[in-house]
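Residue-level structural notes
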Amino acid sequence: MTDKIIAADVIVCSPTRNFVTLKVTTADGVVGYGDATLNGRELSVASYLRDHVAPLLIGRDPARIEDTWQYLYRGVYWRRGPVTMAAIGAVDVALWDIKGKTVGQPVYQLLGGAVRDRILAYTHATGWETAELIDQVVATRERGFLAIRAQAGVPGLDNVYGVHKGGGEGYEPAGRGVAPVEEVWDTDAYIRHIPGVLEQVREHVGPELKLLHDAHHRLTPQQAARLGKALEDVDLFWLEDVTPAENQDVLRLVRNHTTTPLAIGEVFNTIWDAQHLITEQLIDFIRVAIVHAGGISHVRKLFALAEVYQVRCGPHGPSDVSPISLGAGLHLGMATPNFAIQEYMGYDPLVSEVFPHAWSFDSGYLTPGDAPGVGVGFDEVLAARYPYEPAYLPVARRLDGTMTDW
Ligand code: GCO
Ligand code: MG
């Protein structure tokens, strides 16, 4: 028997960047935390939780995680979508946290126990010029990483998502302010340039380092097929988000032309968004983040579907996914056989102070730790010193001024 939920509070803070945190408290004083951060739309999830979900949680039994998920998902006419699913995800993770703390076990033990000892991580290396990128990849490998996502500049442009001229180790794409900055983008120039860059990186680092690359939804199906083909000798671990995720059948054309492994799914929110790609085996890796796809309970089902079709899991984990979601994903990763890799950009030390965590990184691998629950705390007093500030990802236009995908 667990005591009922007596409070559900939503805290939005900005220790270097915005995070939305749900704090669920039970009558016997157990506190569970969930992450509800949706980059650039933080306050809409905060309101969804505060105004519509929190009142429904009061008096509920926190042990009934699946029932609460079903209640919040099926009990509202307007299903799916990032705002709804981030809110449900935050509740779900907070309840798993409470369950773990109540029984004194880390969440992965409640999910069936460990199927592995540690979780392979990848991080980002960026450099505008190829030489700069190679230096960054080498420096990142020296920090222990065995898998690295490599992004470079494009001649003729000033910015490329996550990279800018003279920017060294990369930049935080979400800029503070009430409106996004505008960047100029040219897919043709990118496709001409990037295969040569990645070939040089591969040549320099040798065959063993796992290299990844993110195309950020900016190619046509035909361009994506050509790029995948051009990158085959680079032997990428994956090529990510080649085309926008809405029109999924185009991946068949890409697949028919290249053996470069494809990863997609960071903007997906439910199993139904990924179902076709998985059952048709149009991708090799599914990238949903715990926070954006309804929490541990739902993503676990999605990963189980993927297992049937030999699709492996590599969740989204940039620094706009809070340390709570990263921790929750690691628990799921420990207990999921087809889990392949976790994106891990690391956090500013201040973020780790606000969210003290049991998870840790060592020699290329992440582990969730053995603290009861998810193992990520939240220092509310410190968080209160960093209030929300509007921040947005840039938008991109083509050379002729039309909007393109981010
Ligand atoms: C990645 C992503 C991020 C997203 C960002 C959006 O693969 O890490 O593409 O860089 O763009 O998380 O909020
Ligand atoms: Mg991405």
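Check the entry above for the structure.
Let me begin by describing the structure that accompanies this report. (Residues numbered from 1 in each chain as written. Chains lettered and ligands numbered in written order. Predicted model: local features only at pLDDT ≥ 70, side-chain atom pairs only at ≥ 80, totals over all residues. Heavy atoms only, no water.)

Lining the immediate environment of ligand 1, one finds 15 residues, of which Asn39, His216, Glu266, Asp320 and Glu343 sit closest. Between ligand 1 and the protein, one listed contact pairs an oxygen atom with a side-chain N or O atom of arginine 149 at 3.3 Å. Glutamate 240 is positioned with one of its side-chain polar atoms (N or O) 2.9 Å from an oxygen atom of ligand 1. Taking 340 Å² as the accessible area of ligand 1 by itself, protein coverage stands at 92%. Each residue belonging to the shell around ligand 1 can be placed in one class, and the counts come to 4 nonpolar, 4 polar and 7 charged. (Near = heavy atom within 4 Å. Polar contact = N/O pair within 3.5 Å; in protein donor to acceptor, adjacent residues only side chain to side chain. Areas by Shrake-Rupley, 256 points an atom, 1.4 Å probe, with all protein chains shown as cover. Nonpolar A, V, L, I, M, F, W, Y, C, P; charged D, E, K, R; others polar.)

Closest axis-to-axis distance for the helix α2 (residues 65-74)/helix α10 (residues 295-308) pair is 9 Å, and the angle between their directions is 90°. Between α2 and α10, the angle falls in the class roughly perpendicular. In contact with Ile65, Glu66, Trp69 and Gln70 of α2, α10 contributes Ser297, His298 and Lys301. Broken down by class, the residue content of the contact of α2 with α10 amounts to 2 nonpolar, 3 polar and 2 charged. (Axes fitted to C-alpha atoms, helices over the stretch in contact; angles between N-to-C directions. Helix = DSSP H or I, 4+ residues; strand = E, 2+ residues; numbered from the N terminus. Parallel < 35°, antiparallel > 145°, perpendicular 65-115°, else oblique. Contact = heavy atoms within 4.5 Å.)

For the rest of this paragraph, the subject is the pattern of salt bridges. Throughout the structure, instances matching the rule amount to 16 salt bridges. Among the salt bridges present, the one from arginine 252 reaches aspartate 249, with a minimum N-O distance of 3.2 Å. You can call arginine 252 partly exposed: its relative accessible area is 33%. Salt bridges here are not isolated pairs; linked through shared partners, they connect Glu240, Glu266, Arg287 and Glu343. (Salt bridge = Lys/Arg side-chain N within 4 Å of Asp/Glu carboxyl O. Buried < 20%, exposed > 50% of the residue type's maximum accessible area, 1.4 Å probe, protein only.)

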